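# Reading the structure
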Amino acid sequence: MRPLTEEETKTLFEKLAKYIGSNIKHLIDRPDETYCFRLHRDRVYYVSESIMRKAVSIGRDQLGSLGVCFGKMTKTGKFRLHITALDYLAQYAKHKMWVKPNGEMPFLYGNHVVKAHLGRVTEDTPEHQGVIILNMSDVPLGFGVTARSTTDSRKLQPTDIVAFHQADIGEYLREEDTLF
Amino acid sequence: MGRRAKNKQGPPAPLPGTQESKGPSRRQLSKVRKQQRLQDSKKRSQDSDDDSQPQVKKIKTQAKQNGKKQVSASKQDESWDNASLDSDDELLDGDDEFPIGSDEEIDEDEEALEEASDEDDLDNDGVFPKVENDFLGSESEVEEDEEEAGDSDEDEDAMLDSDEDDIAEFAGLDERKSRKLEERAAREAAEAEAELRDSAMQTNIGEDGREFEEDEDEDQADISQINLRIKETVNILGNFKEMRDPSKSRQDYLDRLLKDIATYYGYSDFLAEKLFNLFSPAEAIEFFEANEVPRPVTIRTNTLRTRRRDLAQALINRGVNLEPIGKWTKVGLQVFESQVPIGATPEYLAGHYMLQAASSFLPVMALAPQEHERVLDMASAPGGKTTHIAALLKNTGMVFANDFSKDRLKSLTANITRLGAKNTVVCNYDGREFPKVIGGFDRVLLDAPCSGTGVISKDPGVKVNKTEKDFIDIPHLQKQLILCAIDSVDANSKTGGYIVYSTCSVTVDENEAVVDYALRKRPNIKLVSTGIEFGREGFVSYRGKTFHPSLNLTRRYYPHMHNMDGFYVAKFKKFSNKIPKAEKNGKGAEGQEADDENSNGPTTFLEDEDQNIMQGLYIFQYGQMLHFSLVHLTNNCGDFLHSEIFFNRIHAKASKESQTQEIT
Amino acid sequence: MDVSSALEAHQNKFKSIEVEKLVPVEFDLNLLAAFDTNAIDEKKLSSKKENYLKELNRDNAQLLFNQIFKLPVESTDAGLLAKLPESSHILPREKALPKAKPMTRWEKFAQIKGIQKKKKERMVIDEATGEYSPRWGYGGGKKDKTKDWLLEVPSNVDPMEDQYAKLREEKKERVDKNKKRQKRNEEEASATSKGQDPRQVKKKQLQDAIAVTKRSTASLGRFDKHIEGEPKMKGMKRQFAPNITDSKVEKQASMDILNKVVGKNGEVLNVQKAVRQSKRARK
């Protein structure tokens, strides 16, 4: 476990900014407790400082995880967001997309969101913008990247993709081995 | 009375007196049926056809009962916290499974329900629908419906008592139930006969003895006969003076019974005896029977993400049939049937609930973590209890989730993150390293690794693969762990200083003995009430061993009593961080011998108790040899010296032990 | 004529050739040098500096001349010449004395065995031809017989074997062996001259070489099998910030980075939205 280097912090924030923009500052500067980002075995954890201080006692080999895993640093130095970050992303998301009940399961199996399944979407969402995908009862299901802007997507066919799948909560079952 | 309403928690078990009188006949009846079922299955191997047919039938019966179901809807509302009727509107939209009925009907049924509950159950702990009065009641109703479609609700209520006889058999889940229903229809005649014979048996004691005798000279009885004989033996043991065969001792009966149980239920002789000794003969049979039946599927609402009411609503909309488990928990739901896989719904993936056995709620409830506390879960995989703790902490404080196995760490982490516990640290230590790694916790939960004799219905492998050695090794490990757990707690904690020890095992070796050992080794702790009102008290003495009197504060749970896995919960309060010196002296007095005997383990854990276990074995072995040589001695006095030396040694050891025990 | 007074006057004009010194002055007449080791009178030096120094010089020069005139004299064509003695003075050495070369393995062995070095002539006579040839080096090798036009094939060897090739081979081996020893001696000498144990130096070199080869796989040796007791390879150690630091500093650092990141692409102006808003405003 170690703090992120400046370079790593930058890649992390750049990725997070795609989904929550400047709301990142609410992650760093919290009124309740001091929180920090820590890297452990390539994974970036977001954890309160008090927990981190206690977890220092745990050996490197024995420490499994702490706090919330945001994603992992790839070997090529990029950052990959994991579904485990969904809680915070959903909380601070700038753009959201709601899928209809019939689109829930296809998305949870890792498919893209097609126009036919699109329930609602935040107005003025630009193209290639990170969006949080929720079901109609506001349960976050995952996140993706818009294929078209909100205005453009109105003209699409029902089978056309409106958002590319990035991660979904089905990965808790499908990717359990690689995710954790 | 609606079918679902009957499934619900409430249907109280009969009063102690009435239960006594009814008990045996009901049990016997069920056994006859079971045996017949077994025979059937022997003749024709069961295939999937058996399953599909009854289901069709069941749907029909459901349709018939629609009128009654609305009651369940209303009843259900009562049991969710403050649920309002408007939720039912949604529930019923386009769903003919839950039609709304008139208010009058509801009232009627509620009255009926109350009546029934008044009559029936007071002593039942009300944890879960008890086996007998659970689905079975409804089962019999279904049958009634088929036979006499015109019957009114009131009639059924009136028949409740008579129905009780039938119900023990159908302790399982719905599918199973329907299969049985089918089978039962197929052999109604045989059943009637059995019933006749059964009642005859009850009324006529003389005949009983005769039958028993007939069975006695068999060599290779078939399963049904064994079952019959088990029943009879239990009967006789229950009323030994009057029903016994004067030529046979109680021990003969018991031996016979044990052997039969081992064959009939497929246990190893050793385990059968171990489990049998925990109960009275009649109850033991109930226990073994209950181990053949799966426990109900239960889920725990994740209060970090949702409320039970909302979750239930969401799941009902997905076609899941569920009810709250009982009054003792506000987060548990029991699933009766589901059209979707309950472990893959969007709600599950979103972490709104956790699939978790009802019994595993108990240790966390006993632990009762308070907000802003630091809690350690020593053996946490797969995370049900850990996330429960995190939920109770409302994501404040912190939870250290430890598990020994690295493989299980992944699913543990997955569950923790899925359920949105943000205050956890997952680590991978041997629990015995714990106070060294990090200590000073406010509360520690030790759900110790165990032999699993409480969850035989889940893992029948336990029946045969547990040996005598396991019952030495596992408690030894548990004792080490419990001491570590105790040492990891900070007694000066303002809100905490508690340790909860639990196992999913029912044997005394792994439960009371371990707790008693901890009490002796750590005088700075005491047992406190677990805070769960139901459950049987722990043994204060067991087969000649006397434990600390406060062990009655611990709780045992049995599959046949509470319809949850066999379980044990003990809660300690640590009132001082100092380990008093007397204990250390005691250890010193034990001397080198103790250390030598258990040199394979870390010395700190080498305790008189373990020594007893080890020496018990030696004594057993020596005893056999001694016996042999004494016999030899009577014939031929030559080897006398030898045996005497043996005897002296054993004697010396035994006396030394007893002395040290007195000191401690 | 009374010259005595004149002589006296003349004599008074000059100082006496007798000079008294507390410590006798040392001379190196070969270098025409005198070394006065007497202490300088500080009082006089400060009060009448010039005078005092002149006096001192004169006295010492007088002493030197006195000595010179005591030397034996030869009369030559050029006149009288004094014969200077050998120099008694030793100039101090500028550099330290060279250290003894570390002994080679052979030298050590010879020393132990008491083998003396024997000077051998460089040129040896070939008795058959009566010619001289160098024992080694350019033009040598006569005794190797490699240049002979005829070689005897021993009776017990393969007759088809090339005896010349065999000889060349043997010689090459000898040369190589010697080169190896020479190299080894040099290495050992350089190690001992630095005060290190040659064996340890060798060991370290070997391990370094192994480390290099270990890292020279595609995965930088990460997936290679490790031998028991194998020393851990030290890679480049990166330095990271300590885990527990002042939280305010850390927070500030993150905020700084965030400001850079978000300033760049976090809050990109949504052109469509802006256009729409301005349109609405106009209406």
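In the nomenclature of an unreviewed UniProt entry, chain C corresponds to Ribosome biogenesis regulatory protein from the organism Mortierella isabellina. Reading the Function (unreviewed entry) entry of the UniProt record for chain C gives the comment "Involved in ribosomal large subunit assembly."

An unreviewed UniProt entry lists chain B under the name Nucleolar protein 2, with Mortierella isabellina given as the organism. The Sequence similarities (unreviewed entry) field of the UniProt record for chain B holds the comment "Belongs to the class I-like SAM-binding methyltransferase superfamily. RsmB/NOP family."

### A word on a nonpolar patch on the surface
Residue and element names in this part refer to chain C. Residues Trp106, Phe109 and Ile115 make up a contiguous nonpolar surface patch of roughly 320 Å² in combined accessible area. Mapped onto the elements of the fold, tryptophan 106 is located in helix α4 (residues 105-113). Look at tryptophan 106 and you get exposed, because its relative accessible area is 51%.

### Considering the interface of chain A and chain C
At the junction of the two partners, chain A supplies 31 residues and chain C supplies 26 residues. Across the interface of chain A and chain C, roughly 2300 Å² is buried in total on both sides, 58% from carbon and sulfur atoms. For chain A, the biggest contributors to the area lost against chain C are Pro3, Ile28 and Asp124 of chain A; these three give 21% of the whole. Summed over the shared surface of chain A and chain C, the number is 3 salt bridges. In this assembly, chain A and chain C are joined by 4 residue pairs in polar contact (both at pLDDT 80 or more). Listed by contribution, the elements that provide at least two residues to the side of chain A that touches chain C are β1 (2-3), α1 (6-20), α2 (24-28), β2 (35-40) and α3 (49-55) of chain A. The residue inventory of the side of chain A that touches chain C, partitioned by class, reads 11 nonpolar, 7 polar and 13 charged.

### Description of the packing of helix α14 (residues 250-265) of chain B against helix α16 (residues 281-290) of chain B
All names here are of chain B. For the pair α14 and α16, interaxial distance at closest approach is 12 Å and the crossing angle is 10°. The angle between α14 and α16 falls in the class roughly parallel. For the pair α14 and α16, contact is made by Leu257, Ile261, Tyr264 and Tyr265 and by Pro281, Ile285, Phe288 and Glu289, respectively. Split into classes, the residues belonging to the contact of α14 with α16 amount to 7 nonpolar, no polar and 1 charged.

### Concerning the interface of chain B and chain A
Interfaces are often described in size by the accessible area the parts lose on coming together. Contacts between the two partners involve 33 residues from chain B, matched on the other side by 30 residues from chain A. Regarding the contact of chain B and chain A, the summed buried area is about 2600 Å², with carbon and sulfur atoms giving 66% of it. Counting every contact that joins chain B to chain A gives 3 salt bridges. Residues aspartate 87 of chain A and arginine 305 of chain B are paired through a salt bridge, measuring 2.9 Å at the closest nitrogen-oxygen approach. Here chain B is connected to chain A by 10 residue pairs in polar contact (both at pLDDT 80 or more). For the side of chain B that touches chain A, the secondary-structure elements that each account for two or more residues are α18 (346-349), β6 (398-402), α21 (407-418) and β7 (424-427) of chain B. It is α21 of chain B that contributes the most residues to the side of chain B that touches chain A, 7 residues altogether. Here the residues of the side of chain B that touches chain A are counted per class, giving 16 nonpolar, 10 polar and 7 charged. As judged from the 3 bridges shared by strand β4 (residues 63-66) of chain A and β7 of chain B, these two strands associate in the antiparallel manner.

### As for the confidence of the model for chain B
All names here are of chain B. Chain-level pLDDT for chain B is 69 on average; 54% of the residues reach the 70-or-more range. In the model of chain B, helix α28 (residues 592-597) stands out as the element of lowest mean pLDDT, 35, in contrast to β7, which has the highest, 94. Contacts of residues 41-64 to residues separated by more than four positions or lying in other chains number 28 contacts, the stretch itself having pLDDT below 50. Every residue in residues 657-664 scores below 50 in pLDDT, and together they form 6 contacts with partners more than four places removed in sequence or on other chains.

### Some points on the environment of glycine 266 of chain B
Here glycine 266 of chain B shows up in the loop between α14 and α15 (269-276). Expressed as a C-alpha distance, the spacing of glycine 266 of chain B and lysine 463 of chain B, which sit 197 residues apart in the sequence, is 6.8 Å.

### Focus: the UniProt feature "binding site: S-adenosyl-L-methionine" (unreviewed entry) in chain B
All names here are of chain B. Summarizing the sequence annotation, UniProt attributes the feature "binding site: S-adenosyl-L-methionine" (unreviewed entry) to Ala379, Ser380, Ala381, Pro382, Gly383, Gly384, Lys385, Asp403, Asp430 and Asp447 in the numbering used throughout. Summarising the element assignment, alanine 379 is placed in the loop between β5 (374-377) and α20 (384-393). Residue alanine 379 is classed as partly exposed on the basis of its relative accessible area, which comes to 23%. Every residue in contact with alanine 379, bar those within four places of it in the chain, is listed here: Asn402, Asp403 and Asp447. Looking at the secondary structure, you find aspartate 447 in strand β8 (residues 443-447). Aside from chain neighbours lying at most four places away, what touches aspartate 447 is Ala379, Lys385, Ser502, Thr503 and Phe567. Looking at aspartate 447, its side chain comes within polar contact range of the side chain of lysine 385, at 2.7 Å.

What counts and what doesn't
- Residues numbered from 1 in each chain as written.
- Chains lettered and ligands numbered in written order.
- Predicted model: local features only at pLDDT ≥ 70, side-chain atom pairs only at ≥ 80, totals over all residues.
- Heavy atoms only, no water.
- UniProt positions renumbered as here; feature names shortened; annotations may be inferred.
- Patch = residues over 30% accessible without salt bridge, like charges linked within 9 Å, V, L, I, M, F, W, Y side chains within 5 Å.
- Areas by Shrake-Rupley, 256 points an atom, 1.4 Å probe, with all protein chains shown as cover.
- Salt bridge = Lys/Arg side-chain N within 4 Å of Asp/Glu carboxyl O.
- Helix = DSSP H or I, 4+ residues; strand = E, 2+ residues; numbered from the N terminus.
- Buried < 20%, exposed > 50% of the residue type's maximum accessible area, 1.4 Å probe, protein only.
- Contact = heavy atoms within 4.5 Å.
- Buried area = accessible area lost by both parts, 1.4 Å probe.
- Polar contact = N/O pair within 3.5 Å; in protein donor to acceptor, adjacent residues only side chain to side chain.
- Nonpolar A, V, L, I, M, F, W, Y, C, P; charged D, E, K, R; others polar.
- Axes fitted to C-alpha atoms, helices over the stretch in contact; angles between N-to-C directions.
- Parallel < 35°, antiparallel > 145°, perpendicular 65-115°, else oblique.
- Pairing = 2+ DSSP bridges.
- pLDDT = per-residue confidence, 0-100.

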